[in-house]
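# Per-entry structural report
Each chain is listed here by its residues.
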Amino acid sequence: MIIGIDDTDSRSDGGCTTYIAAVLVEKLKKYGDLADYPLLIRLNPNIRYKTRGNGAVAINIEIDGASEADEVKEVVLDEVRSQSKLSDENTNPGVVFLDGTPPDMRNDLGSFFRRAMQDILQIQDAKDLLNRYDIDSCGFKNGRGLIGALAAAAVASNGIPDHTFELIAYRRPAQIGTPREVDAGSIRDADLQTYPRTWDTVDRANKAVVCVPHGCDPVLFGIRGEADGVIDAKGHIRSEPIERSVLFRTNQGTDMHLMRSTIDRTRGGRSYILRGVVSSAPQTIHGGHVIFEIADPQSGSGIDCAAFEPTKNFRGIIRQLAVGDRVVVCGSVDDRTVHLEKIKIEHLTALYETGNPVCACGRRMKSAGVGQGYRCKRCRTVSLVPDRVPIKRSLDCGWYEVPPSARRHIAKPLVRCAGGARLVHPGR
Ligand code: ATP
């Protein structure tokens, strides 16, 4: 049986859908073995109803006896009911139970998952699919969580095309709401010992710890990376007592939200990979955000691209772009602006500055007066045109990304793209 769960927590009241999964992993042990790691699935990061990272979970359990299925469902629903922050109007839990998936259903589940990743769905879309295949489910309140619950169950059933891991350590209930006690030095050490098998533990360039959240949820820290890396890293971290920890298989760090497209076909609320030529020079606006425009030479359409203030040192790369540079940008579109997650600089245009020409005798000429060109003082040679002097570009071609502290859960870190022919500059 595959169990999908979503939308149980609240920004103000805490809670965490992954914690429900963590508790259920233990409570369901007596009914059978897990067929896989529990799944933590990140969906379209542009959904306005999300609490934080638009995550949903799925557990795949091989139940020993068919007669126990009803009991398992009861345990799950009791846990969701008791842990969900139902008083928050934005919390609308959904639970889906998948039991066997015939080929037709697999196809429909596959496309539902893709749309949940890359598009904006309605609650009715989930209900229609649930009804079509008579899938057992439970939607609390308006049932919006059924979207994420069904999408997570769909991946668990069809298989995850690319994955990484996150090891999440949870706090003892009595500690929740108090400042987290995690030794920052031990986290830096964990990063040092395990990078690049782990990533986004710390943001070295901006001197920030990234893996420890700040809210009133039960997460103490979460380490992202390969399975062996995150387990190693946890061994280095000194902290307050850990109540439990769970290793999730996840689609974090995979770029599954991105669609290849062209500038003229972009729509708000979706995330894209777009090719273009820089058509307006980067400008730093109020708040420290850096904005420039790219255009598609084929269609002539253009779109703004933004490196927002929280992307910190990434803005230093963006500021060096010049009109005529060929780039590929990745990010979500909102209000006709690409919120940059990554950029590939494909070609740097040649830039020139003008200067007084050098005479055949080797001396630099002087201005001969307004509109009269230049004259060599030694041999009196005259030139009407200035020299074009190439400017050395200090930027290299290749991929650049926002730093760990500004990275989206779903964005593929460049450290995962290193090797092969790709020229990458991982942010660390
Ligand atoms: P956390 O990650 O802390 O658990 P969250 O950021 O995942 O919280 P949710 O509380 O799960 O946020 O809220 C997101 C809501 O958006 C859920 O109800 C989910 O079903 C719904 N949702 C997810 N993907 C889509 C989509 N593509 N279109 C429409 N609704 C979606």
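Residues numbered from 1 in each chain as written. Predicted model: local features only at pLDDT ≥ 70, side-chain atom pairs only at ≥ 80, totals over all residues. Heavy atoms only, no water.

For the bond running from Y195 to P196, omega is 10°, close enough to zero to count as cis. Mapped onto the elements of the fold, P196 is located in the loop between α6 (184–194) and β8 (198–199). Non-glycine residue K207 carries a positive phi angle of around 50°. Checked against the element boundaries, K207 lands in the loop between β9 (202–203) and β10 (208–209). The class for K207 is exposed, based on a relative accessible area of 76%. (Helix = DSSP H or I, 4+ residues; strand = E, 2+ residues; numbered from the N terminus. Buried < 20%, exposed > 50% of the residue type's maximum accessible area, 1.4 Å probe, protein only.)

Where nonpolar side chains cluster on the molecular surface, the patch consists of V382, L384 and V385 and spans about 310 Å² of accessible area. Counting through the fold element by element, V382 comes out in strand β22 (residues 382–383). (Patch = residues over 30% accessible without salt bridge, like charges linked within 9 Å, V, L, I, M, F, W, Y side chains within 5 Å. Areas by Shrake-Rupley, 256 points an atom, 1.4 Å probe, with all protein chains shown as cover. Salt bridge = Lys/Arg side-chain N within 4 Å of Asp/Glu carboxyl O.)

What follows covers the nonpolar core. I41, L43, V96, L98, F112, F113 and L150 are the most contacted members of the largest nonpolar core, which totals 33 residues. Those elements that provide at least two residues to this core are β3 (39–42), β4 (55–63), β5 (94–98), α3 (103–118), α4 (123–132) and α5 (145–158). Counting residues per element, this core draws most heavily on α5, which supplies 10 residues. If we ignore the near neighbours within four places in the chain, the residues touching L43 are N54, A56, F113, A116, M117, G148 and A151. Counting 32 residues, the second-largest nonpolar core is a separate cluster that includes I5, A22, L28 and Y170. (Core = buried A, V, L, I, M, F, W, Y, C linked by side-chain atoms within 4.5 Å. Contact = heavy atoms within 4.5 Å.)

Looking now at the environment of H289. Along the polypeptide, H289 turns up in the loop between β14 (271–284) and β15 (290–295). When the C-alpha positions of H289 and A307 are compared, they lie 5.9 Å apart, and in sequence the two are 18 residues distant. Among the polar contacts listed, one links the side chain of H289 to the backbone nitrogen of E309, at a separation of 2.9 Å. (Polar contact = N/O pair within 3.5 Å; in protein donor to acceptor, adjacent residues only side chain to side chain.)

This part covers the packing of aromatic side chains. Evaluation of the coordinates by the stated rule reveals two aromatic pairs. Geometrically, the ring pair formed by Y37 and F165 is edge-to-face, given 5.0 Å between the ring centres and 75° between the ring planes. Of this pair, Y37 sits in the loop between β2 (32–34) and β3 while F165 is found in strand β7 (residues 164–171), placing the two residues 128 residues apart along the sequence. Its end group placed over the ring of Y49, R144 keeps NZ or CZ at 3.4 Å from the ring centre. (Phe/Tyr/Trp six-rings, centres within 6.5 Å; stacked < 30°, edge-to-face > 60°. Lys NZ or Arg CZ within 6 Å of the ring centre and 35° of its normal.)

In the vicinity of the ligand lie 24 residues, with D6, D7, R52, N54 and G55 positioned nearest. Here an oxygen atom of the ligand sits 2.8 Å away from a polar atom, N or O, in the side chain of T51. In this structure, an oxygen atom belonging to the ligand sits 2.5 Å away from a main-chain N or O atom of G55. For the ligand, whose accessible area on its own is 640 Å², the fraction buried by protein is 97%. Contributions of two or more residues to the shell around the ligand are made by α3 and α5. Here the shell around the ligand gets three residues from one element, more than from any other, and that element is α5. Of the residues belonging to the shell around the ligand, the class tally is seven nonpolar, eight polar and nine charged. (Near = heavy atom within 4 Å. Nonpolar A, V, L, I, M, F, W, Y, C, P; charged D, E, K, R; others polar.)

Moving on, we come to α3. In this model α3 runs 23 Å from its N-terminal to its C-terminal C-alpha over 16 residues, within 8% of the 22 Å that 1.5 Å per residue would give. Every buried residue of α3 is accounted for by M105, L109, F112, F113, A116, M117 and Q118. The secondary structure elements touched by the buried residues of α3 are β3, β5, α4, α5 and β13 (258–261). (Expected span 1.5 Å × (residues − 1).)

This paragraph deals with the pairing of β3. Each regular strand carries side chains that alternate between the two faces of the sheet. Along β3, one buried face is formed by L39 and I41 and the opposite face, lined by L40 and R42, is buried too. The sheet contact formed by β3 and β4 spans four bridges and is antiparallel. Opposite L40, over in β4, you have V57 as the bridge partner. Note that β3 and strand β12 (residues 242–250) share two bridges and pair parallel. Its bridge partner lying in β12, L39 is registered against R249. (Pairing = 2+ DSSP bridges.)

This paragraph deals with the domain arrangement of the protein. According to the domain assignment, the protein contains domain 1 (2–158), domain 2 (164–250), domain 3 (258–350 + 393–425) and domain 4 (352–390). For domain 1 versus domain 2, the distance between C-alpha centres works out to 25 Å. Taken residue by residue, the interface counts 19 residues in domain 1 and 15 residues in domain 2. In total, about 1,400 Å² of surface goes out of reach between domain 1 and domain 2, with carbon and sulfur atoms giving 63% of it. Ranking the residues of domain 1 by area buried against domain 2 places Y19, Y37 and L40 at the top, with a combined share of 40%. Across the domain 1-domain 2 interface, the total number found is two salt bridges. For the side of domain 1 that touches domain 2, the elements supplying multiple residues, two or more each, are α1 (17–27) and β3. The leading source of residues in the side of domain 1 that touches domain 2 is α1, at six residues. When its residues are assigned to classes, the side of domain 1 that touches domain 2 shows 10 nonpolar, four polar and five charged. (Domains from an automatic or database assignment. Buried area = accessible area lost by both parts, 1.4 Å probe.)

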